[in-house]
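Below, each chain spelled out in residue letters.
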Amino acid sequence: MKEFFGFGGYQRQPEGFLSWQHLTFVSSLMVVMIVCAVVLGIKNKNKSYDEKNRVLIWSAVLIDAFEIFKIIMLCIISENAMRWTYELPLFLCSILLIAMPIAAFSKGRLREASVDFVLIFGVLGAVLGTYGAGNNYSCYPVLSFDNVISGITHTLSGFASLYIGISGMASMKKKNIPITFAVLLGFAGCAAVANKIIDYNYMFLRRGDGTPYELLYSLVGGNAVLYPICVIGLFLIYILAFYGINHLIKRAKNKNK
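Everything quoted here is computed from the prediction, not taken from an experiment.

**Student:** Kindly report on the overall build of the chain, identifying the contributing residues and their values.
**Tutor:** Along the backbone of the chain there are 10 helices and 0 strands. Taken from the N to the C terminus, the helices and strands of the chain come in the order α-α-α-α-α-α-α-α-α-α. Computed over the C-alpha atoms, the radius of gyration of the chain is 19 Å, within 12% of the 18 Å expected from 2.2 N^0.38 for a compact globule of 257 residues. Residues counted as buried form 44% of the 257 residues belonging to the chain. Considering only residue pairs separated by 6 or more positions, the chain has 74% of its internal contacts joining residues 24 or more positions apart.

Below, the structure is given as structure tokens:
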């Protein structure tokens, strides 16, 4: 257990990013994520919204409970009470730690926009935070506290996204796009400020750190202004594309009725 949690530092060498151990572990999590989302989504598809929302409530509670436990343990393991400043929910995947509870517990248009946000970014965050997490799997053994908790929280966000889509909870109204944009830009602004204050790399706005963002970082030559603008721009384009594809699918379904 001491080695799993990393007290005194990990003695095992990391198996490496995209090693068979890394791919096997995250693929196992993905299978569980998809199966649970499909089973519960189909089971609750024709139930009332409140009944569907119970699953989302449990997902929101669990993802935040795991994350809080992780932050507390990392502060203890590192013997640094300020370690939490490097664990703030200011990565793209981490935004779901706030968006999911809002989607589960709020009402009205804010709930609609939050549910849409979870649908849009949940699976993307799950994939990027597991298969694309070169920053984690290059530094820590696959079966370590850091990677196991990270894998669980990322696939919980992916589960919530798939469940919302399958159970029919999302509204995907065009009028909610500005709110979705505002949420993303607000978090990006907070991440940029935090990066400046504590010299960190939230939302990977400074560099790729071994993740797929490295491709974009290399493409713009590491330009300190152009790179973060392109990162945020890609997110905004992704949101518009998601809404656009959803609209086309709905229109095609209506024509076939």
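**Student:** Which residues make up the pattern of salt bridges, and what values go with them?
**Tutor:** Applying the stated criterion across every chain, the model contains 7 salt bridges. E87 is paired through a salt bridge with K70; the nearest N and O atoms lie 3.6 Å apart. Taken together, the residues E87 in the loop between α3 (49-78) and α4 (96-105) and K70 in helix α3 connect sequence positions 17 residues apart. Here E87 matches K70 in class, with each residue buried. A salt bridge links E87 to R83; its shortest N-O distance comes to 3.2 Å.

**Student:** Can you explain helix α2 (residues 20-44)? Please cite residues and give values.
**Tutor:** Between its first and last C-alpha atoms α2 spans 36 Å; for 25 residues at 1.5 Å apiece the expected length is 36 Å, and the two agree. Contacts made by the buried residues of α2 are with α3, α5 (108-128), α6 (134-137) and α7 (145-167).

**Student:** Quick one: what's the story with the confidence of the model for the chain, residue by residue and with numbers?
**Tutor:** Residues of the chain with pLDDT of at least 70 account for 99%, and the chain-wide mean is 90. Taken element by element, the chain is modelled with least confidence in helix α1 (residues 2-5), mean pLDDT 85, and with most confidence in α2, mean pLDDT 96.

**Student:** So what's going on with the layout of surface pockets? Residues and values would help.
**Tutor:** When its volume is computed, the largest pocket comes out at roughly 750 Å³. If you go around the largest pocket, you meet 35 residues; those closest to its centre are K70, F91, N135, N136 and S150. Put simply, the parts of the chain that give the lining of the largest pocket at least two residues each are α3, α6 and α7. For the lining of the largest pocket, the element with the most residues is α7, which contributes 5 residues. Within the lining of the largest pocket, the residues separate by chemical class into 18 nonpolar, 11 polar and 6 charged. Taken as a whole, the second largest pocket holds about 400 Å³ of empty space. Lining the second largest pocket are 14 residues; nearest its centre among them are G165, N246, I249, K250 and K253. Breaking the lining of the second largest pocket down by element, the ones donating at least two residues are α7 and α10 (226-256). For the lining of the second largest pocket, the element with the most residues is α10, which contributes 7 residues.

Conventions adopted
- Residues numbered from 1 in each chain as written.
- Predicted model: local features only at pLDDT ≥ 70, side-chain atom pairs only at ≥ 80, totals over all residues.
- Heavy atoms only, no water.
- Helix = DSSP H or I, 4+ residues; strand = E, 2+ residues; numbered from the N terminus.
- Rg over C-alpha atoms; globule rule 2.2 N^0.38 Å.
- Buried < 20%, exposed > 50% of the residue type's maximum accessible area, 1.4 Å probe, protein only.
- Contact = heavy atoms within 4.5 Å.
- Salt bridge = Lys/Arg side-chain N within 4 Å of Asp/Glu carboxyl O.
- Expected span 1.5 Å × (residues − 1).
- pLDDT = per-residue confidence, 0-100.
- 1 Å grid on protein atoms, 1.4 Å probe; cavity = no way out; pocket = protein on both sides within 12 Å on 5 of 7 lines; lining within 4 Å.
- Points joined across faces, edges and corners; volume = space filled by probe spheres on them.
- Nonpolar A, V, L, I, M, F, W, Y, C, P; charged D, E, K, R; others polar.

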